[in-house]
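Each chain, letter by letter, is given below.
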Amino acid sequence: MAHYAMLIDAARCTGCAACRVACQMQWQLPPEVFFNRLEFRESGKYPDVKQEIVPVQCMHCDNPPCATVCPTKATYKRADGLVLIDHDKCIGCKYCVVACPYDVRQMNDRGIPEKCRFCAGFIEKGEQPPCVSTCMNDVRVFGDLDDPNSEISKKMKEKPVYQLAAEKGTKPRVFYVKRGG
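Residues numbered from 1 in each chain as written. Predicted model: local features only at pLDDT ≥ 70, side-chain atom pairs only at ≥ 80, totals over all residues. Heavy atoms only, no water.

Caption draft 1: Here's a closer look at the packing of aromatic side chains. On inspection of all chains with the given rule, the structure shows 3 aromatic pairs. Considering the side-chain rings of F118 and F142, the 4.9 Å spacing of their centres and the 75° angle between planes classify their relative orientation as edge-to-face. In this pair, F118 is assigned in the loop between strand 7 (113-114) and helix 4 (120-124) and F142 in strand 8 (residues 140-144), connecting sequence segments 24 residues apart. Look at F142 and you get buried, because its relative accessible area is 6%. (Phe/Tyr/Trp six-rings, centres within 6.5 Å; stacked < 30°, edge-to-face > 60°. Helix = DSSP H or I, 4+ residues; strand = E, 2+ residues; numbered from the N terminus. Buried < 20%, exposed > 50% of the residue type's maximum accessible area, 1.4 Å probe, protein only.)

Caption draft 2: Representation of the side chain of R37. Relative to the helices and strands, R37 resides in strand 2 (residues 36-45). Classification of R37 by relative accessible area gives buried; the value is 19%. Beyond its immediate sequence surroundings of up to four residues, R37 is in contact with V54, P55, V56, Y102, D103 and V104. (Contact = heavy atoms within 4.5 Å.)

Caption draft 3: Spatial organisation of the nonpolar core. Ranked by internal contacts, the top residues of the largest apolar core, which has 35 residues, are M6, M59 and Y176. Elements with a minimum of two residues in this core: strand 1 (4-8), helix 1 (18-26), strand 3 (48-57), helix 4, helix 5 (130-133) and strand 10 (174-177). Among residues more than four places away in sequence, those in contact with M6 are Q57, F118, C131, V132, R140, V141, F142, I152, R173, V174 and F175. Core analysis: the second largest hydrophobic core is formed by 6 residues, A5, V141, I152 and V177 among them. (Core = buried A, V, L, I, M, F, W, Y, C linked by side-chain atoms within 4.5 Å.)

Caption draft 4: The side chain of H60, seen in detail. Within the element layout of this structure, H60 appears in the loop between strand 3 and helix 2 (65-69). Looking at H60, the relative accessible area reads 0%, which means it is buried. One polar contact links the side chain of H60 to the main-chain amide nitrogen of V83, over a distance of 2.9 Å. Every residue in contact with H60, bar those within four places of it in the chain, is listed here: K77, G81, L82, V83, K115, C116, R117, F118 and R173. (Polar contact = N/O pair within 3.5 Å; in protein donor to acceptor, adjacent residues only side chain to side chain.)

Right, dumping it as structure tokens:
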């Protein structure tokens, strides 16, 4: 069984938002709804100011608080690592929206939460999620961490990585390359 994850090298991101637009096109989302976002973070003081662009999306956590709080088990984790939502079971209580420490869930026009799905249909066909295949700067690498020959496994051995809000104990499946690593 594969164990999917994503590696993001934010240092390569130019902020073009092609990943976001590709996702919106794939899921036919209106402009104000998005499953991944770019956070523009500034640090330092003039004249030594730096800006970092950090792509953020559902982290497909190994310990997903969104699934833990769901009273109907509409949010669930698959054996391959994907955290998904069964829309037929969801009652729209928004507990999952509140529980997510990454603030990545969006409500659809039916009052049901939506989020990144790692494009399960694409990966089941052996294809890359559109946010990965669309990126001109190879910011994102998606693949199977259980396969030592996968691109993501090789890249994670090359450079030190970190996870957003690791102190929350959610064990995210989205990793980031450390700057200068």
